[in-house]
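Chain by chain, the residues:
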Amino acid sequence: ENKYKISLLCPGIRTCNWIKAYESIEKSLSVSFEVIFVSPYDLPPELEGKENVTLIKSLRSPIAYQQIALCAAQGEYINWFADDGWFLPGSMDVGFKLLEGKDYKTVVMGKYQEGDKLNNTMEEDHYYILNNHVQSSGFFIPENTWMLNVGLVSRKILYELGGWDSINFQVCPIAYNDLAIRLQKYGCTFIPQQEMMFACTHLPGLAGDHGP
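Because the structure is a prediction, the values reported are computed rather than measured.

Reading the values: rules and limits
Residues numbered from 1 in each chain as written. Predicted model: local features only at pLDDT ≥ 70, side-chain atom pairs only at ≥ 80, totals over all residues. Heavy atoms only, no water. Helix = DSSP H or I, 4+ residues; strand = E, 2+ residues; numbered from the N terminus. Rg over C-alpha atoms; globule rule 2.2 N^0.38 Å. Buried < 20%, exposed > 50% of the residue type's maximum accessible area, 1.4 Å probe, protein only. Areas by Shrake-Rupley, 256 points an atom, 1.4 Å probe, with all protein chains shown as cover. Lys, Arg positive; Asp, Glu negative; His and termini not counted. Charge placed at Lys NZ, Arg CZ, Asp CG, Glu CD. Polar contact = N/O pair within 3.5 Å; in protein donor to acceptor, adjacent residues only side chain to side chain. Contact = heavy atoms within 4.5 Å. Pairing = 2+ DSSP bridges. Axes fitted to C-alpha atoms, helices over the stretch in contact; angles between N-to-C directions. Parallel < 35°, antiparallel > 145°, perpendicular 65-115°, else oblique. Nonpolar A, V, L, I, M, F, W, Y, C, P; charged D, E, K, R; others polar. Salt bridge = Lys/Arg side-chain N within 4 Å of Asp/Glu carboxyl O.

### Some details on the overall build of the chain
Alright, step 1. When you go through the chain residue by residue, the secondary structure sums to five helices and eight strands.
Alright, step 2. Listing every helix and strand of the chain by position from the N terminus yields β-α-β-β-α-β-β-α-β-β-α-α-β.
Alright, step 3. A globule of 212 residues ought to have a C-alpha radius of gyration of about 17 Å, and the chain, at 16 Å, matches this closely.
Alright, step 4. Dimensions of the chain, computed from the C-alpha atoms along their principal axes, are close to 50 × 40 × 35 Å.
Alright, step 5. Across the 212 residues of the chain, 50% fall into the buried class.
Alright, step 6. Carbon and sulfur atoms form 53% of the exposed surface of the chain, whose accessible area is close to 10100 Å².
Alright, step 7. For the chain, the centre of its 17 positive side-chain charges and the centre of its 25 negative side-chain charges are spaced 3 Å apart.

Have a look at this one:
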């Protein structure tokens, strides 16, 4: 049973950013939602007592955190985020429009921006093909496979595929790529959302909050 339209999962380490992230979610969609933080830290006072906010204490890897949150999620759809970032206004409503009339094996792939200024290549579809990046290319990567660093995925399909592989992959980008490949091999249709969905403070090197 789905209590919410969407559950948003966050492996949390930067508690100072959680309120901004939560408020950005409120502005990005108009459907019912819950946020599940998995972290060794406590909720900020501003988020305590909110019916749609859950904190699960854990000391494991970020991908294990997402698996733990997925098991607790009560939303029809799942999205996930790093706590150095925020969702852009109306962005998830745009994604849900793309899902209208589609079956549960349809995935909306969210585009995202890193840093203070938008890198124009991140607006273009080809940026989100795994084999277009040295760090995610290889003979074992199927051609024209979309990445999935952020997006809308039905909880049902994640349960069918077992979610993220937190045993073999403990680094987020690799586990995300693995899930994206498995979803597409399973016959899921990916729709790239043209509007940006998420932004984070990652800058080249260690200049941003994302890198360290």
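### Details of the side chain of Gln193
Alright, step 1. Looking at the element boundaries, Gln193 is found in strand β8 (residues 189-200).
Alright, step 2. Of the residues examined, Gln193 reaches a relative accessible area of 0% and is grouped as buried.
Alright, step 3. Within polar-contact distance, the side chain of Gln193 engages the backbone oxygen of Ser91 at 3.0 Å.
Alright, step 4. Discounting residues that sit within four places of it in the chain, Gln193 has contacts with Ser91, Val94, Gly95, Leu98, Val108, Met109 and Lys111.

### A closer look at the sheet that holds strand β7 (residues 151-154)
Within a sheet, neighbouring strands are paired by backbone hydrogen bonds and run either parallel or antiparallel to one another.
Alright, step 1. Spatial ordering of the open sheet is given by β3-β2-β1-β4-β7-β6-β8-β5, a layout of eight strands whose pairing is mixed. Of all strands in the sheet, those bounded by a partner on one side alone are β3 (53-57) and β5 (85-87). Neighbour-to-neighbour, the strand axes of the sheet open up by a mean angle of 30°, direction not taken into account.
Alright, step 2. The pairing of strand β1 (residues 4-11) with strand β4 (residues 75-80) spans five bridges and is parallel. In the sheet register, Ile6 faces β4, and the bridge partner there is Tyr77.
Alright, step 3. Strands β1, β2 (33-39), β3 and β5 of the sheet are contacted by helix α1 (residues 18-28), whose axis makes an angle of about 160° with β2.

### Quick look at the packing of helix α2 (residues 62-72) against helix α5 (residues 172-185)
Alright, step 1. Taken N-terminus to C-terminus, the directions of α2 and α5 make an angle of 50°; their axes are 9 Å apart at the nearest point. Classified by the interaxial angle, the pair formed by α2 and α5 is oblique. The residues of α5 that touch α2, namely those facing Pro62, Ile63 and Gln66, are Cys172, Ala175 and Tyr176.
Alright, step 2. Here the contact of α2 with α5 is built from residues that sort into five nonpolar, one polar and no charged.

### Some words on the pattern of salt bridges
Alright, step 1. If you walk through the whole model with that rule in mind, you get six salt bridges.
Alright, step 2. Of the charged contacts, one joins Lys5 and Glu76 as a salt bridge, the two residues approaching to 3.0 Å between their closest N and O atoms. Separated by 71 residues along the polypeptide, Lys5 in strand β1 and Glu76 in strand β4 bring together distant segments of the chain.
Alright, step 3. Accessibility expressed as a relative area gives 28% for Lys5, which makes it partly exposed.
Alright, step 4. On the basis of relative accessible area, Glu76 is assigned to the partly exposed category, the value being 30%.

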